[in-house]
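The lines below spell out each chain.
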2 protein chains.
Amino acid sequence: MQIDREAPVGVFDSGVGGLTVAREIMRNLPAEKIVYFGDTARVPYGNKSKETIIRYSRQIVHFLKEQRVKAIVVACNTASAFALDTIEKELDIPIVGVIEAGARVAAQETRNKRIGVIGTEGTIGSGIHREYLKQQDPEITVFGKACPLLVSLVEEGWLKDPVTDEVLRRYLAELQEQQIDTLILGCTHYPLLRSAIRRILGDEVRLVNPAYETALELRKVLEENGLLDLGSENEEFPYRFYVSDLAEKFQHFANSILPYDVKMTKKIDIEKY
Amino acid sequence: MQIDREAPVGVFDSGVGGLTVAREIMRNLPAEKIVYFGDTARVPYGNKSKETIIRYSRQIVHFLKEQRVKAIVVACNTASAFALDTIEKELDIPIVGVIEAGARVAAQETRNKRIGVIGTEGTIGSGIHREYLKQQDPEITVFGKACPLLVSLVEEGWLKDPVTDEVLRRYLAELQEQQIDTLILGCTHYPLLRSAIRRILGDEVRLVNPAYETALELRKVLEENGLLDLGSENEEFPYRFYVSDLAEKFQHFANSILPYDVKMTKKIDIEKY
């Protein structure tokens, strides 16, 4: 397959959460074109098995390759945890996952080597952050906490709300007891709760937003492979969005968080890939 | 297809919630055998489109027919709302849905003809309860309220909890303002929150549990079709469970709520049907 610098980057997630990663790519790599796929028919991934997530990810990669992308960003923590290793081996273009990027920065930032991670049941249960962090520095201790209510709270829009604060207080209490000094926001929805988390944890705990770190990692990987887009930003349709269900609802959410007017979201049948 | 009284009843749901319906069938129709399918790979259905839910339901019905069931119970409110009408036309055996059964009883119970319904976004957005209730009595006014956080709260096990009480108070406030005297628990997880809802609404509001009403409706339909099992209860494997993912987790939850020791849950590939 012929790949050039002008080709788009493929970004995928189980739904809308990965748009926080797409947003950071738009901000930090404005010359890059993006093909985004949100698996809205099969969301959420957080409570599904590894085997299922690998199957879903293979289908999505197949679809993105058909769109002739030059690199793939796995903007979903569960898919990064369960499928990235397998897919990387099957792929002839670079692939970047949200977990590795966040873990590397957390390992650099911690002073007391006690790092907390919050995420879905699937991500936390996989132990994948621990694995990456231990590779960076075997002396690091990792405290994971699954927070299954947070995605629903974000999607309800209860971002500044006493109920959300109370739920966060409970989820974060055991991490505070462990005296973590760094917390990885291990689910793409969580950056939207950053100020609430900041209020509870105070300024002493460094919050790592893997969406931002992933955009920086993507730039590095594209540079290393001679794939960084040097063109202008004046593409007519630099960003294209595909979903497996509910295109209209997706577009509405996308428009509320992206620095870009999303005009076209197309529904595809991902089971055919 | 040859169908007899001895054949099992097929029951399906998007996941574990439909077990509250299976439980009522076990209690009220103890001679009936059950084949249960929980679509745990594609749960939840509540935020998916009508088109997708019809496709999923057709696949499941196909699977259940292969198990030679004599009747089908749609134990999922979203699937009942979106797919029951379509599937009923394609089917040569009786089919019963949770929504119709609950609506009929609510229409009988209300005195002031003001009925509330709580459920997922999909169920409430479909307006299906309103449709059924208006058929029963055009003078009834229906107040629907989507409660997206409740399923996660139940699955967290926060059944008696100040956070759950506060979330319920918010969701129920507008129904109380409308002075409903009857409330349909329009999601199969909600019967597990019944005592919390009772505390908030008091004894004046009648709570309708469609799981129970569906078991009674099933008995009626089987009788009418000469399909009621007259046999003994001494079957070796009267209840069989199938899921599309995470069989072990499902079995654990099933054992916690069923009056029966669930020994075997089998994972199948529902996309092949």
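See the structure printed just above.
Enquirer: Pulling in residues and values, what's your account of the overall build of chain A?
Expert: Per the secondary structure count, chain A includes eleven helices and ten strands. Taken over C-alpha atoms, the radius of gyration comes to 18 Å for chain A, in line with the 19 Å a tight globule of 273 residues would show. Seen through its C-alpha atoms, chain A measures out along the principal axes to roughly 50 × 40 × 35 Å. Within the span of chain A, comprising 273 residues, buried residues form 62% of the whole. A separation of at least 24 residues holds for 76% of the contacts in chain A among residues at least 6 apart in sequence. Of the roughly 11300 Å² that chain A leaves accessible, carbon and sulfur atoms contribute 45%.

Enquirer: Describe the relation of the copies chain A and chain B, and please don't skip the residues or the numbers.
Expert: If you rotate chain A by 180° and push it 0.0 Å along the axis, it lands on chain B with an RMSD of 0.0 Å. One copy is carried onto the other by what is essentially a two-fold rotation axis. No C-alpha of chain A approaches the rotation axis more nearly than that of Arg42(A), which lies at 2.8 Å. Interface overlap between copies is the fraction of interface residues in one copy that are interface residues in the other; for chain A against chain B it reaches 100%, indicating a shared surface.

Enquirer: Can you tell me about empty space enclosed by the protein, naming the residues and giving the values?
Expert: All names here are of chain A. Following the criterion strictly, the structure yields one cavity of 30 Å³ or more and no others. Considering only enclosed or pocket space, the largest cavity measures out at about 40 Å³ in volume. Lining the largest cavity are Thr20, Val21, Asn77, Val98, Leu185, Cys187, Thr188, Pro191, Asn209, Pro210 and Ala211. For the lining of the largest cavity, a count of residues per class yields seven nonpolar, four polar and no charged.

Enquirer: Got a sec to walk through the side chain of Glu217(B)? Specific residues and values, please.
Expert: Structurally, Glu217(B) is set in helix H10 (residues 210-224). In this view, Glu217(B) contacts Val96(B), Ala101(B) and Arg104(B); residues no more than four positions away in its chain are not counted.

Enquirer: Which residues make up the interface of chain A and chain B, and what values go with them?
Expert: Counting residues at the interface gives 31 residues for chain A, matched by 31 residues for chain B. With both sides pooled, the region where chain A packs onto chain B buries about 2400 Å², and carbon together with sulfur makes up 51% of that total. When the buried surface of chain A facing chain B is broken down by residue, Asn47(A), Leu149(A) and Arg170(A) rank first, second and third, together holding 21% of it. Across the contact surface, chain A and chain B share four salt bridges. Residues Lys267(A) and Glu51(B) are paired through a salt bridge, measuring 3.1 Å at the closest nitrogen-oxygen approach. On inspection of chain A and its partner chain B, the count reaches 17 residue pairs in polar contact (both at pLDDT 80 or more).

Enquirer: Please set out helix H11 (residues 247-257) of chain B residue by residue, giving values where relevant.
Expert: Residues and elements named next belong to chain B. Burial in H11 covers these residues: Ala247, Phe250, Gln251, Ala254 and Ile257. End-on view of H11: buried residues confined to an arc of 135°, all on one side of the axis. Exposed residues lying more than 90 degrees from the buried face of H11 are Glu248, His252 and Ser256. Next to the buried residues of H11 lie helix H1 (19-28), strand S2 (34-38), strand S9 (239-243) and strand S10 (265-267).

Enquirer: Describe the sheet that holds S2(B), with residues and values.
Expert: Whenever strands of a sheet pair, they do so through backbone hydrogen bonds, lying parallel or antiparallel. All names here are of chain B. Strands sit in the order S4-S3-S1-S2-S9-S10 across an open sheet of six strands; the sheet is parallel. A single partner strand is all that each edge strand has here, and the edge strands are strand S4 (95-97) and S10. If you compare each strand with its neighbour and ignore which way they point, the axes differ by 20° on average. Summarising the sheet, S2 and S9 pair through five bridges and their orientation is parallel. By the bridge assignment for S9, Val35 is matched with Arg240. On top of the sheet, H1 reaches strand S1 (9-13), S2, strand S3 (71-74) and S9; it is set at about 170° to S2, its chief contact. Sheet strands in contact with helix H3 (residues 77-90) are S1, S3 and S4, and its direction is about 160° off that of S4.

The rules we used
Residues numbered from 1 in each chain as written. Chains lettered and ligands numbered in written order. Predicted model: local features only at pLDDT ≥ 70, side-chain atom pairs only at ≥ 80, totals over all residues. Heavy atoms only, no water. Helix = DSSP H or I, 4+ residues; strand = E, 2+ residues; numbered from the N terminus. Rg over C-alpha atoms; globule rule 2.2 N^0.38 Å. Buried < 20%, exposed > 50% of the residue type's maximum accessible area, 1.4 Å probe, protein only. Contact = heavy atoms within 4.5 Å. Areas by Shrake-Rupley, 256 points an atom, 1.4 Å probe, with all protein chains shown as cover. Least-squares fit on C-alpha atoms with pLDDT ≥ 70 in both. 1 Å grid on protein atoms, 1.4 Å probe; cavity = no way out; pocket = protein on both sides within 12 Å on 5 of 7 lines; lining within 4 Å. Points joined across faces, edges and corners; volume = space filled by probe spheres on them. Nonpolar A, V, L, I, M, F, W, Y, C, P; charged D, E, K, R; others polar. Buried area = accessible area lost by both parts, 1.4 Å probe. Salt bridge = Lys/Arg side-chain N within 4 Å of Asp/Glu carboxyl O. Polar contact = N/O pair within 3.5 Å; in protein donor to acceptor, adjacent residues only side chain to side chain. Arc of directions from axis to C-beta. Pairing = 2+ DSSP bridges. Axes fitted to C-alpha atoms, helices over the stretch in contact; angles between N-to-C directions.

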